[in-house]
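Secondary and tertiary structure notes
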Amino acid sequence: MSTMTAQTTQVYSIFIRATPEQIWDAITKPEFTAKYFYGSLVEITDDAWVGRFADGSVGVTGRMIEHEPPHRLVHGWRALYDPDTANEDESRVTWEIEGQDGGYSKLTVVHDRLERSPKTAESVAGGWSYVLSGLKTLLETGRPLAG
Amino acid sequence: MSTTTAQTTQVYQVYIRATPEEIWDAITTPEFTARYFHGARITVTRDHYGSRSPDGEVWGDAKTFEWDPPRRLSHGWRSMYDDEMAREEESRVTWEIEPQGNGTTLLTVVHDRLEGAPKTAASVSGRGWMGVLSALKTLLETGEALPL
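My aim in this report is to walk through the structure given alongside it, one point at a time. In this text the structure is predicted, and so the values were computed from the model without any measurement.

Each value, and the rule that gives it
Residues numbered from 1 in each chain as written. Chains lettered and ligands numbered in written order. Predicted model: local features only at pLDDT ≥ 70, side-chain atom pairs only at ≥ 80, totals over all residues. Core = buried A, V, L, I, M, F, W, Y, C linked by C-beta atoms within 7 Å. Buried ≥ 20, exposed ≤ 12 C-beta atoms within 10 Å, placed from the backbone. Helix = DSSP H or I, 4+ residues; strand = E, 2+ residues; numbered from the N terminus. Contact = placed C-beta atoms within 7 Å. Axes fitted to C-alpha atoms, helices over the stretch in contact; angles between N-to-C directions. Parallel < 35°, antiparallel > 145°, perpendicular 65-115°, else oblique. Left-handed = near helix turned anticlockwise from the far one by under 90°. Nonpolar A, V, L, I, M, F, W, Y, C, P; charged D, E, K, R; others polar. Pairing = 2+ DSSP bridges.

1. Some points on the nonpolar core
- In terms of nonpolar packing, the biggest core is built from 61 residues, with Ile16 and Ile23 of chain A together with Ile23, Leu133 and Leu136 of chain B touching the most fellow members.
- A per-element tally of this core places helix H4 (residues 118–142) of chain B first, with 10 residues.
- Not counting the four nearest positions on each side in its chain, Leu133 of chain B is found in contact with Tyr12, Val14, Leu107 and Val109 of chain B.

As structure tokens, this is what we get:
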């Protein structure tokens, strides 16, 4: 959000012409996430949220905290893709999906509990807008944002 | 941004599959803005920012501060569509348009100088700017309006 200091609670929202169920699938299934989440294959289980790169290495992982399809997903976030961020405390990501009248939905991502993870806070500050923009393009046009 | 207190400097970003020129036209010409900006017909020139309702009422009337097509535009903002907000101090909106080199462009909206306009700050922070930017992206990528 702020271009100077990364905030410890970051809120991003976007409106997408899609149903909550379509958005839920797009954020929880690897065949979708590979097309907009920096190539990551996201898998969720009862216990964990895991984002793997194409080579199988784990980029981000965290505990599963809440799982209420198709409206709410809350999980921990440890960014293993960088040694500096990997050593920081786990932060938290909340996805909220709200259907709206008119055939579209509001998707909000809150990334918080970043007080003890300043490098992670800085790393994701530019990234979430890119991820949500790519997700919207994929769902509305059937194609990835870039390429 | 924050869901509790509206900030006096608000930053919104969206990546759009479009050229800087296409985005510039979409934010400065009324035929485009009418399709994604709550129906507002907005005309921006080097000197002036004007917004009118579909019925021709004045919704915005301010100076243009910076005019650098197709990269940067900054203008004053008073929410004249609401009596209470219209009495608040003028704030500022800056649009930055940055090509990413892969067919996409990053559009950043900074709405600042909101210290003297708390109702306006609250109004534009919720659905406000992200609704507008979401609809702009849909229009440029699909040719269709998002029915916000």
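From this point, things continue past the structure.
2. Topic: the packing of helix H1 (residues 20–28) of chain A against helix H5 (residues 127–141) of chain A
Residues and elements named next belong to chain A.
- Two elements in contact, H1 and H5, have axes whose closest approach is 11 Å; the angle formed by their N-to-C orientations is 125°. Classified by the angle their axes make, H1 and H5 are oblique. Between H1 and H5 lies a crossing of right-handed hand. Contact residues: H1 offers Gln22, Ile23 and Ala26, while H5 offers Leu135, Leu138 and Leu139.
- When grouped by side-chain class, the residues that make up the contact of H1 with H5 number five nonpolar, one polar and no charged.

3. Let's talk about unusual backbone geometry
- Here the residue pair Pro69 of chain A and Pro70 of chain A is connected by a cis peptide bond, since its omega of 0° sits within 30 degrees of zero.
- For Pro70 of chain A, the position within the fold is in the loop between strand S4 (58–68) and strand S5 (72–79).
- A cis amide bond links Pro69 of chain B with the next residue in sequence, Pro70 of chain B, at an omega value of -5°.
- Mapped onto the fold, Pro70 of chain B is located in the loop between strand S4 (58–68) and strand S5 (72–77).
- Phi is positive for His38 of chain B, which is not a glycine, with a value near 55°.
- Along the polypeptide, His38 of chain B turns up in the loop between helix H2 (30–33) and strand S2 (41–44).
- Judged by local crowding, His38 of chain B falls into the partly exposed class, with 16 C-beta atoms found within 10 Å.

4. A closer look at the sheet that holds S5 of chain B
All names here are of chain B.
- Here seven strands make up an open sheet; going across it, the order is S1-S7-S6-S5-S4-S3-S2 and the pairing antiparallel. What marks the edges here is a single partner per strand, and that holds for strand S1 (10–16) and S2. The average angle at which neighbouring strand axes cross in this sheet is 20°, direction not considered.
- As judged from the four bridges shared by S2 and strand S3 (residues 48–52), these two strands associate in the antiparallel manner.

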